[in-house]
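Analysis of the macromolecular model
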Amino acid sequence: MSEKDTISMQLVREALLQTCPAGEPDRGLLARAGIAVEQLHLPAARVSADAYARLWRLLARRCNDEFFAMDPRGLRSGSLAFMCRASMAQPTLGAGLETALGFLSLMLEDLQPGLVRQQSLAEVVINEPRDAPRRAFTYFTFWMIVHGVACWLAGRRIPILAIELRCAEPPFCDDYRVMFSENLQFQRPRSRMIIAADCLDVPLRRTEEELQRFLAEAPGNILVKYRDPASLGRRIRHDLSQQPPSLWPDAELLAQRLCLSASTLRRRLAEEGQTYQGLKDSVRRELAIAWLATPELAMGEVAERLGFADSSSFYKAFRKWFGCNPGHYRALILARQCSH
């Protein structure tokens, strides 16, 4: 099994923390899920996505709650099915997402989501009546449900530009970055997920048969199918993100550093649905939105750091990437910071 089809044992511990708070985890439950209790506290241990999905379903059945008992009201068994069926009846992803969020806001007490459109950007904002933030696992489980359902409705991955969270950064974030986005921001005024607004215009054409197949495979299909590609592509993305774009190697030099031929590098990336140029573009986009969230950096400096000849070239590229200009994106991101 490849690592991209596995989940960190740390997320298993997080799931058990809420549902088995009294002490020792239920060995029988873990055995039924196919998870070795002896590996539960090994930092590097991983479990199959299928095993994690089985654990999810077993815990949901035990608690009668598909949200791991992390909300006073929770999501009773059957909530995901009802939400998907109601959402898929809508004409577009935007309408389907609003239906799903409306259902979640009715069901949950502590997390009240809504969809806000900001010109060419859209954000799913979680309003919270309680002052104290929830733990990171609660937010990320919520995002997994919302983003997973949105991707299924659209029939493709919906790129996430950024996720902001009210809580502090947890010790472990690797799987979250693979599932959602490298651009995770913590200790922010509000929890929200930002996407391009044009995604909301995607028409919905899901069938009842497709719904039954999706529900039968959930949440394992959400955990694996719609997350960012891992393995070689992610390793290259990580290495690129650690150095300025001006120092990025060309494909030939990169292949040499990886002890591969250029053709083998292309083939292995193609097997993951990637190209080296696509990875460079992806990292450049992530650096752009991360640096735009830093008010100390002038727009010209951001453009220079990204390797653009001038600000005008950066503006054109950013509008092509995200459908809006970088000034609008920066204003949206910084507005919350400045108001607190």
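Per chain, the residues get numbers from 1 upward, laid out in the order the sequence is written. Local features in this predicted model are restricted to residues of pLDDT 70 or higher, and side-chain atom pairs are both shown and tallied only at a pLDDT of 80 or more, whereas totals for entire chains, interfaces and linings draw on every residue. Side-chain numbers here rest on the full set of heavy atoms in the structure, without hydrogens or water.

Topic: the overall build of the chain
The helix count covers DSSP runs of H or I at least four residues long, the strand count covers runs of E at least two residues long, and both are numbered beginning at the N terminus. Scanning the chain from terminus to terminus reveals 16 helices and seven strands. A compact globule built from 340 residues should have a C-alpha radius of gyration of about 20 Å, and the chain, at 21 Å, falls within 12% of that. Its C-alpha atoms give the chain principal-axis dimensions of about 60 × 45 × 40 Å. When burial is assessed residue by residue, the chain has 53% of its 340 residues classed as buried. Contact between two residues is taken to exist if any of their heavy atoms lie within 4.5 Å; hydrogens are not considered. In the chain, 68% of the contacts between residues at least 6 apart in sequence involve partners at least 24 apart. One way to put it: in the chain the 44 positive side-chain charges average out to a point 2 Å from where the 39 negative ones average out. The atom set for the radius of gyration is the C-alpha atoms, and the globule formula is 2.2 Å times the number of residues raised to the power 0.38. Only protein chains enter the accessibility calculation, which uses a 1.4 Å probe. A residue is then buried if its area is under 20% of the maximum for its type, exposed if over 50%, and partly exposed in between. Charge counting treats Lys and Arg as positive and Asp and Glu as negative, with His and both chain ends excluded. A single reference atom marks each charge: NZ on Lys, CZ on Arg, CG on Asp, CD on Glu.

Side note on the pairing of strand E3 (residues 112-118)
Pairing between E3 and strand E4 (residues 121-127): seven bridges, direction antiparallel. Within the sheet, the bridge partner assigned to Gly 114 lies in E4 and is Val 125. Two strands qualify as a pair provided DSSP detects at least 2 bridges between them.

Some words on the side chain of Ser 120
Of note, Ser 120 is situated in the loop between E3 and E4. A relative accessible area of 18% places Ser 120 in the buried class. Residues within four places of Ser 120 in sequence aside, it is in contact with Ala 196, Ala 197, Phe 322, Gly 323, Cys 324 and His 328.

Regarding the packing of aromatic side chains
Stacked, tilted and edge-to-face pairs are distinguished by plane angle, under 30 degrees for stacked and over 60 for edge-to-face with tilted covering the rest, among Phe, Tyr and Trp rings (Trp via its six-membered ring) whose centres lie within 6.5 Å. By the definition in use, this model includes 14 aromatic pairs. Centroid distance Phe 142 to Trp 143: 5.5 Å. Interplanar angle 75°. Geometry classified as edge-to-face. The same class applies to Phe 142 as to Trp 143, namely buried. A connected cluster of aromatic rings, assembled from ring pairs, spans Phe 308, Phe 314, Tyr 315, Phe 318, Trp 321 and Tyr 329.

Don't take any of this as a statement about function, it's just geometry.
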